[in-house]
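Residue-level listing of the chains:
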Amino acid sequence: MTDATARLDPHYEIADIDRRLFGGFVEHLGRHIYDGIFEPGHPSADADGFRTDVIELVKELGVSTIRYPGGNFVSGYRWEDGVGPVAERPRRLDLAWHSTETNEVGLHEFQTWLDRVGSELMLAVNLGTRGTQEALDLLEYANADTQTAWTDQRAENGRDTPFGVKMWCLGNEMDGPWQVGHLNAEDYGKLASRTAKAMRMIDPGVELVACGSSGRGMPTFGSWERTVLEHTFDDVEFISCHSYYQEHDGNAQEFLASGVDMARFIESVAAIADTVAATKKSDKRIMISFDEWNVWYLHNADGSESGHEFKGGAWPVAPRLLEDKYHALDAVVFGDLMITLLQHADRVRSASLAQLVNVIAPIMTEPGGPAWRQTTFFPFSITSRLAHGRAVRVPVSASTFTSEKLGEVETVNAVATIDDEGVSLFVVNRSTTDAANLRVDLAPLVRALGREVAVVESHLLHEDDLYAANTLEDRERVGVREAEASVDGELLSLALPAVSWTAIRLA
Ligand code: AHR
């Protein structure tokens, strides 16, 4: 057992929280759409074939924007295949995941589903096999409010009014050699810039995201951002970050430092964006869209990539791909990643959990069977529900451990949010060995509020068995329970078991 102290001072404000920080991501990949959100014939399916049990879980998760339709998939996608009468839509090879795309679900169906879950559409355009013209066609189809051939077609397909899509990704992971149509930074920067300029001529209100690196470990990381932003600085609002974390070689302690890696990634990208701003004598601040983040067991023990079994396979429809089973340890790391995003709310104005259903997802389904919450569901749904208003830095003094990759790392990490009704505190104990007694000094908060506060809600995610998970057979094995938390005057005491994530609501 170790002691840790922290201070909750509302003056340590980071920024107002953009709700888009709690976004998700739905790709045409594996059983995400087909046999995931869309399963006509399932006992819970509505008249459009959408599983209502999944809709309820997505609502409970509390996802703001949803990025669609990829991911790697978008780099070979013809969006026109997904509109018009379903019976006439072509089946196509999806090169990214070596699957067959039936196109039963496209833009209109996905928007219908989004209306049911209450989330907002964020679109990615194909800059892999396609280019500026096709991006313009899609934008005109989706957002134009004037009668044109494209908007006539939209109306014929059942939608008179524009979709009004605000956020657009200019391609996906164009730095990755695996990407269909992969480009170097110079060529991508030029393409993204001219596509962005033309898109704004149709709709000046769009917010555009240039592709950043698909990971901090990419050989081109850093120089990619600099070159891309040199070309697109005046044309975009955002640059993207993508990052996936996993436990390697059974080293849970190292895995628990993942939040620090994410923080350094964000801070490096912000520094590069500001360097480009300085060279351009500009005060503009490019924001970060962390539009793919999660725990993902991408690498097998032998170093090979998982999820690529279908490369060279038989082009199946909706194969079981990337169906990671998340355990308690994953959920603690995941909760820490959410804390890290909030700690950078001044720069990360949008983020998308990758992904939502069946594919590296917080929600799992069985065809004809149940839907259930994975362990990672809990930190997301609770943070999304409790983190409102503004994010506030919570300096912590705690023991440290040495990460092989990142050096000295604090065992306890925390952030708070303050809104009109109360205060939320999110804390992780990253130590694999020591529980911690955290004492939080609330004096500055009590002074600012002019009254004392009390714990009105608390949630602890911790399992003695770090590898406990929710499965089809045992769907409620892991959940959250009440945390040991109490307020005495101006002091909040919290018991943090080793490898745990805690959320507290004070009012
Ligand atoms: O989320 C799975 C894949 O990870 C996405 O398709 C791609 O963008 C990333 O490499």
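Please read all numbers here as calculations on a predicted model, not as lab measurements.

Each value, and the rule that gives it
Residues numbered from 1 in each chain as written. Predicted model: local features only at pLDDT ≥ 70, side-chain atom pairs only at ≥ 80, totals over all residues. Heavy atoms only, no water. Helix = DSSP H or I, 4+ residues; strand = E, 2+ residues; numbered from the N terminus. Rg over C-alpha atoms; globule rule 2.2 N^0.38 Å. Contact = heavy atoms within 4.5 Å. Lys, Arg positive; Asp, Glu negative; His and termini not counted. Charge placed at Lys NZ, Arg CZ, Asp CG, Glu CD. Buried < 20%, exposed > 50% of the residue type's maximum accessible area, 1.4 Å probe, protein only. Pairing = 2+ DSSP bridges. Core = buried A, V, L, I, M, F, W, Y, C linked by side-chain atoms within 4.5 Å. Expected span 1.5 Å × (residues − 1). Right-handed = clockwise from strand over helix to strand, strands pointing away. Near = heavy atom within 4 Å. Polar contact = N/O pair within 3.5 Å; in protein donor to acceptor, adjacent residues only side chain to side chain. Nonpolar A, V, L, I, M, F, W, Y, C, P; charged D, E, K, R; others polar. Axes fitted to C-alpha atoms, helices over the stretch in contact; angles between N-to-C directions. Parallel < 35°, antiparallel > 145°, perpendicular 65-115°, else oblique. Phe/Tyr/Trp six-rings, centres within 6.5 Å; stacked < 30°, edge-to-face > 60°. Left-handed = near helix turned anticlockwise from the far one by under 90°.

Draft legend 1. Structural view of the overall build of the protein. On a plain count of helices and strands, the protein comes out with eleven helices and 25 strands. Over its C-alpha atoms the protein spans a radius of gyration of 23 Å, differing by no more than 12% from the 23 Å that the globule rule assigns to 507 residues. Each principal axis of the C-alpha atoms in the protein carries an extent, and together these give about 65 × 60 × 45 Å. Within the protein, counting contacts between residues at least 6 apart in sequence, those at least 24 apart form 77% of the total. Charge separation in the protein, taken as the distance between the mean sites of 45 positive and 78 negative side-chain charges, equals 4 Å.

Draft legend 2. Summary view of the pairing of strand β10 (residues 238-245). In terms of burial, β10 is largely enclosed, as eight of its eight residues are buried. Where burial is concerned, the two faces of β10 agree: the one with Phe238, Ser240, His242 and Tyr244 and the one with Ile239, Cys241, Ser243 and Tyr245 are both buried. With two bridges connecting them, strand β9 (residues 207-210) and β10 associate as parallel partners. Residue pairing in the sheet places alanine 210 in a bridge with isoleucine 239 of β10.

Draft legend 3. A look at the nonpolar core. In terms of nonpolar packing, the biggest core is built from 129 residues, with Trp113, Trp168, Tyr188, Phe290 and Trp293 touching the most fellow members. Here this core takes ten residues from helix α9 (residues 328-343), the largest share from any one element. With near-sequence residues (within four places) excluded, tryptophan 293 lies in contact with Ser243, Tyr244, Met262, Phe334, Leu337, Met338, Leu341, Ala351, Ser352, Leu353, Ala354 and Phe380.

Draft legend 4. Layout of α9. For α9, built from 16 residues, the straight-helix expectation of 22 Å at 1.5 Å per residue is met to within 8% by its first-to-last C-alpha distance of 23 Å. Burial analysis of α9 places 15 of its 16 residues in the buried class, which makes it a mostly covered element.

Draft legend 5. Quick peek at the pairing of β9. By the alternation rule, side chains of β9 split into Glu207 and Val209 and Leu208 and Ala210, which are all buried. Looking at chain direction, strand β8 (residues 167-170) and β9 are connected through four bridges and run parallel. In the strand pairing of β9, leucine 170 is matched with alanine 210. Handedness of the crossover joining β8 and β9 through helix α5 (residues 185-202): right-handed.

Draft legend 6. Quick look at the site of the ligand. All residues in the neighbourhood of the ligand are listed as Phe25, Glu27, Gly71, Asn72, Trp97, Asn172, Glu173, Tyr244, Glu292, Trp296, Gln355 and Ile360. In this structure, asparagine 172 approaches the ligand through a side-chain N or O atom, which is 3.0 Å from an oxygen atom. Note that an oxygen atom of the ligand is positioned 2.7 Å from one of the side-chain N or O atoms of glutamate 292. Counted by class, the shell around the ligand contains five nonpolar, four polar and three charged residues.

Draft legend 7. Spotlight on the packing of helix α1 (residues 52-61) against helix α2 (residues 107-117). The interhelical angle for the contact between α1 and α2, taken along N-to-C directions, is 60°, at an axis separation of 9 Å. Classified by the angle their axes make, α1 and α2 are oblique. Each of Ile55, Val58 and Lys59 in α1 lies in contact with α2, whose residues at this interface are Trp113, Arg116 and Val117. Partitioning the contact of α1 with α2 into residue classes produces four nonpolar, no polar and two charged.

Draft legend 8. Examining the sheet that holds strand β7 (residues 120-125) more closely. Strand order around the closed barrel formed by eight strands is β3-β4-β7-β8-β9-β10-β11-β12, with parallel pairing between neighbours. For this sheet, the mean angle separating the axes of adjacent strands, direction not counted, is 30°. The pairing of strand β3 (residues 23-25) with strand β12 (residues 348-354) spans three bridges and is classified as parallel. Residue pairing for β12: phenylalanine 25 is matched across the bridge by alanine 354. Contacting β10, β11 (287-295) and β12, helix α8 (residues 258-279) crosses the sheet at an angle of about 160° to β10. Helix-sheet contacts for α9 involve β10, β11 and β12, and the interaxial angle to β11 is about 175°.

Draft legend 9. Spotlight on the environment of leucine 138. Here leucine 138 is to be found in helix α3 (residues 132-143). Remark: the alpha-carbon pair of leucine 138 and alanine 252, spanning 114 residues in sequence, is separated by 45 Å. Excluding its chain neighbours within four sequence positions, the residues that come into contact with leucine 138 are Trp79, Leu107, Leu123, Val125 and Trp168.

Draft legend 10. Structural detail: the packing of aromatic side chains. Per the counting criterion, the structure on display carries 15 aromatic pairs. Ring centres of phenylalanine 38 and phenylalanine 50 lie 5.8 Å apart, and the angle between their planes is 65°; this geometry places the pair in the edge-to-face category. Residue phenylalanine 38 is located in the loop between β3 and α1, and its partner phenylalanine 50 is located in the loop between β3 and α1; the two are separated by twelve residues in the primary sequence. Phenylalanine 50 matches phenylalanine 38 in its accessibility class, with the two residues each being buried. Chaining the aromatic ring pairs together yields one cluster made of Tyr34, Phe38 and Phe50.

Draft legend 11. The arrangement of the packing of α9 against helix α10 (residues 377-386) in detail. Running from amino to carboxyl end, α9 crosses α10 at an angle of 30°, the nearest separation of the two axes being 8 Å. As judged from the angle between their axes, α9 and α10 are roughly parallel. As for how α9 packs across α10, the hand of that crossing is right-handed. Along its contact with α9, which presents Ala331, Phe334, Gly335, Met338 and Leu342, the element α10 presents Pro379, Phe380 and Thr383. Across the contact of α9 with α10, the residue classes break down as six nonpolar, two polar and no charged.

Draft legend 12. The arrangement of the sheet that holds strand β16 (residues 396-397) in detail. Strand order in this open sheet of five strands is β16-β1-β21-β24-β23, and the pairing throughout is mixed. Of all the strands in the sheet, just β16 and β23 (485-488) have a single pairing partner and so form its edges. Of the pairings in the sheet, the one linking strand β21 (residues 436-441) to strand β24 (residues 491-496) comprises six bridges and is antiparallel in character. What sits directly across from arginine 439, in β24, is serine 493.

Read these as geometric descriptors, not functional statements.
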